[in-house]
Amino acid sequence: MEQRAGRINPASYQLLSLAAELAKSTGGQSEACLIGQGVTPLASPLGAHGARKVYAVDDAALAMYRAMPYATAVCAVIDAADPAIVLFPTTAMGRDLASRVGARRRAALAIDCTEVSPQGDDLLITKPMYAGKFSAKFRLSGKRLQIATVRTNAYSAAAPQSGATTDVQPVTVSLSSADQRLSIKEIVSTTSGVKDVTEADVVVSGGRALKSADNFKVLYELAEVLDAAVGASRAACDAGYQPHTRQVGLTGKVVTPKLYVACGIDGAIQHLAGMRGSKVIVAVNTKKDAPIFKVANYGCIADLFTLVPLLTQEFKKLRAH
Ligand code: FAD
């Protein structure tokens, strides 16, 4: 379970559902692992989300994420739990940890999977490659520990079951001086509490067509009614309309929300690389042959400055009911 400052990343709940599904076919059970300082109270509620057991590594030295001590902590949990399969979300932390733990344990490892299914002792995984142009299938051998990072929203989180309980097992970890080589002096948030594009179920993105930072207001208003994060194309970020932390694409962030609304974005291949995995794509563009329409489930040939405020108005009405 990925957590920062006591908040569990929603993608982790999706992994618990997948783990429960895998456990059904492999005859095992789904168990969770929590690492950090003061994380033990977060463990019991995980029973409702399908964890039959939770390993908690609660240590002041793990207060903030650092790759080396966290990898040591995950390995300590692997020693305690002896799992066949370990899942991480495909996040910066998940990728970082999965590869380190994989190397330490000589595991079979696949990053950014969209499908994970058991076949005998092996694990069949599907993952997009070459910026989403291909989808490749791999088999992870059951002769080794199998580790996969799973793309956010590739699986849905099951609704919590009231009354379900879990065993909480504390795990202690002894960190070496090598683990402690890196220390964190200060963390400065650049997002100041604004929803990150990689974590939101809905992303409303804008392109160069927005023409200014001020004009992005029209997207922020729509985002507010949809409880969405605001993203942007590289052209919009390079022009200074939005910070690069919001850039979606090959050199930005990869997002896989339930709904992606692309406003005034042409649909260059580098942009598609960051959002084509979204469940439903809506595109608003004045140009009827804009490439974005090739990947869109719903295309609106319209001026965004006319259509987006109308959408905001209508969603407000719907939400009011
Ligand atoms: P434009 O291409 O200028 O498109 C604007 C669109 O808005 C047009 O389709 C136009 O018809 C439409 N429009 C204009 N006015 C309106 C209106 N009033 N209402 C509705 N529609 C309107 N790009 C990314 O986004 N992310 C990346 O990570 C990224 N990485 C890159 C990496 C490399 C190595 C390279 C070479 C490029 C990368 N790019 C990336 C840039 C990419 O190639 C495009 O240049 C960029 O995505 C274009 O942004 P845009 O669609 O906002 O702008």
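Everything here concerns the structure above.
To keep things clear, this report deals only with the structure shown in the data block. Since the model is a prediction, treat every value here as computed from it, not as a measurement.

1. Let's talk about the site of the ligand
- Near the ligand you find 26 residues, and of these R208, S233, T251, D266 and N285 are the closest.
- At a separation of 2.7 Å, an oxygen atom of the ligand approaches a polar side-chain atom of N285.
- Between T286 and the ligand, the recorded distance is 3.3 Å, taken from a backbone N or O atom to a nitrogen atom.
- Here the ligand, which alone exposes 1,000 Å², has 74% of that area covered by the protein.

2. Concerning the environment of A76
- Topologically, A76 is positioned in helix α2 (residues 67-81).
- For A76 and K258, which are 182 residues apart along the polypeptide, the C-alpha to C-alpha distance reads 35 Å.
- Beyond its immediate stretch of four places on either side in the chain, A76 contacts V171, T172 and V173.

3. Observations regarding the side chain of E2
- Its location among the elements puts E2 in the segment before β1 (3-4).
- Among buried Asp, Glu, Lys and Arg side chains, E2 stands out as unpaired, with R4 the closest opposite charge at 4.5 Å.
- Among the polar contacts made by the side chain of E2, one reaches the side chain of T91 at a distance of 2.5 Å.
- Residues in contact with E2, not counting those within four places in the same chain, are R7, I8, N9, S12, P89, T91, M93 and G94.

4. Considering the nonpolar core
- One finds I35, V57, L62, L97 and I147 to be the most contacted residues of the largest nonpolar core, which totals 28 residues.
- Of all the secondary structure elements, the ones that give two or more residues to this core are β3 (31-36), β4 (53-58), α2, β5 (85-89) and α3 (92-104).
- When residues of this core are assigned to their parent elements, the largest contribution, nine residues, is made by α2.
- In contact with V57, not counting residues within four places along its chain, are L34, I35, G36, V39, L62, A73, V77, V171 and V173.
- Listed in part, the 23 residues of the second largest apolar core include L219, C263, V284 and V308.

5. Quick look at the packing of helix α4 (residues 217-226) against helix α8 (residues 304-320)
- Look at α4 against α8: their axes get within 9 Å of each other, and the N-to-C directions meet at 20 degrees. In this view, α4 runs roughly parallel relative to α8, as classed from their interaxial angle. Where α4 crosses over α8, the handedness of that crossing is left-handed. Counting all contacts with α4, which are made through V218, L219, E221, L222, V225 and L226, the residues of α8 involved are L304, F305, V308, P309, L311, T312, F315, K316 and R319.

6. Some details on the pairing of strand β9 (residues 134-140)
- Two elements, strand β8 (residues 122-129) and β9, share seven bridges in a ladder whose sense is antiparallel. The partner of I125 across the bridge, within β9, is F138.
- Adjacent in sequence and paired antiparallel, β8 and β9 are bridged by four residues, among which Y130 carries a positive phi angle near 45 degrees.

7. Quick notes on the packing of aromatic side chains
- Throughout the structure, instances matching the rule amount to two aromatic pairs.
- Considering the side-chain rings of Y65 and Y70, the 4.9 Å spacing of their centres and the 75 degrees angle between planes classify their relative orientation as edge-to-face.
- The class for Y65 is buried, based on a relative accessible area of 16%.
- The interplanar angle of 85 degrees and the centroid separation of 6.1 Å between the aromatic rings of Y130 and F134 together place this pair among those described as edge-to-face. Grouping residues by exposure puts Y130 and F134 together as exposed.

8. Some details on the packing of α2 against α3
- Running from N to C, α2 and α3 cross one another at 60 degrees; their axes reach a closest spacing of 9 Å. Put simply, α2 runs oblique to α3. The way α2 lies across α3 gives a crossing that is right-handed. Within the contact between the two elements, α2 uses A67, M68, Y70, A71, T72, V74, C75 and I78 and α3 uses D96, L97, R100, V101 and R104.
- Of the residues assigned to the contact of α2 with α3, the class counts are nine nonpolar, one polar and three charged.

9. Some points on the sheet that holds β4
- If you trace the three strands from one edge of the open sheet to the other, you get β3-β4-β11, paired in parallel fashion. The sheet is open, and its two borders are formed by β3 and β11 (167-170), each paired with just one other strand. On average, each strand axis in the sheet is inclined to that of its neighbour by 20 degrees, with strand direction left out of account.
- As judged from the six bridges shared by β3 and β4, these two strands associate in the parallel manner. The residue bridging A32 from the neighbouring strand is V54, located in β4.

10. Considerations on the sheet that holds β5
- Spatially, β5-β10-β6 is the arrangement adopted by the three strands of the open sheet, whose pairing is parallel. The strands lining the two open edges of the sheet, one partner per strand, are β5 and β6 (108-113). Averaged over neighbouring strand pairs, the angle between their axes works out to 15 degrees when direction is ignored.
- In terms of strand pairing, β6 meets strand β10 (residues 146-150) through four bridges, oriented parallel. Note on β10: the bridge partner recorded for A110 is A148.
- Lying over the sheet, α3 contacts β5, β6 and β10, oriented at roughly 170 degrees with respect to β10.

About the cut-offs
Residues numbered from 1 in each chain as written. Predicted model: local features only at pLDDT ≥ 70, side-chain atom pairs only at ≥ 80, totals over all residues. Heavy atoms only, no water. Near = heavy atom within 4 Å. Polar contact = N/O pair within 3.5 Å; in protein donor to acceptor, adjacent residues only side chain to side chain. Areas by Shrake-Rupley, 256 points an atom, 1.4 Å probe, with all protein chains shown as cover. Helix = DSSP H or I, 4+ residues; strand = E, 2+ residues; numbered from the N terminus. Contact = heavy atoms within 4.5 Å. Buried < 20%, exposed > 50% of the residue type's maximum accessible area, 1.4 Å probe, protein only. Lys, Arg positive; Asp, Glu negative; His and termini not counted. Salt bridge = Lys/Arg side-chain N within 4 Å of Asp/Glu carboxyl O. Core = buried A, V, L, I, M, F, W, Y, C linked by side-chain atoms within 4.5 Å. Axes fitted to C-alpha atoms, helices over the stretch in contact; angles between N-to-C directions. Parallel < 35°, antiparallel > 145°, perpendicular 65-115°, else oblique. Left-handed = near helix turned anticlockwise from the far one by under 90°. Pairing = 2+ DSSP bridges. Phe/Tyr/Trp six-rings, centres within 6.5 Å; stacked < 30°, edge-to-face > 60°. Nonpolar A, V, L, I, M, F, W, Y, C, P; charged D, E, K, R; others polar.

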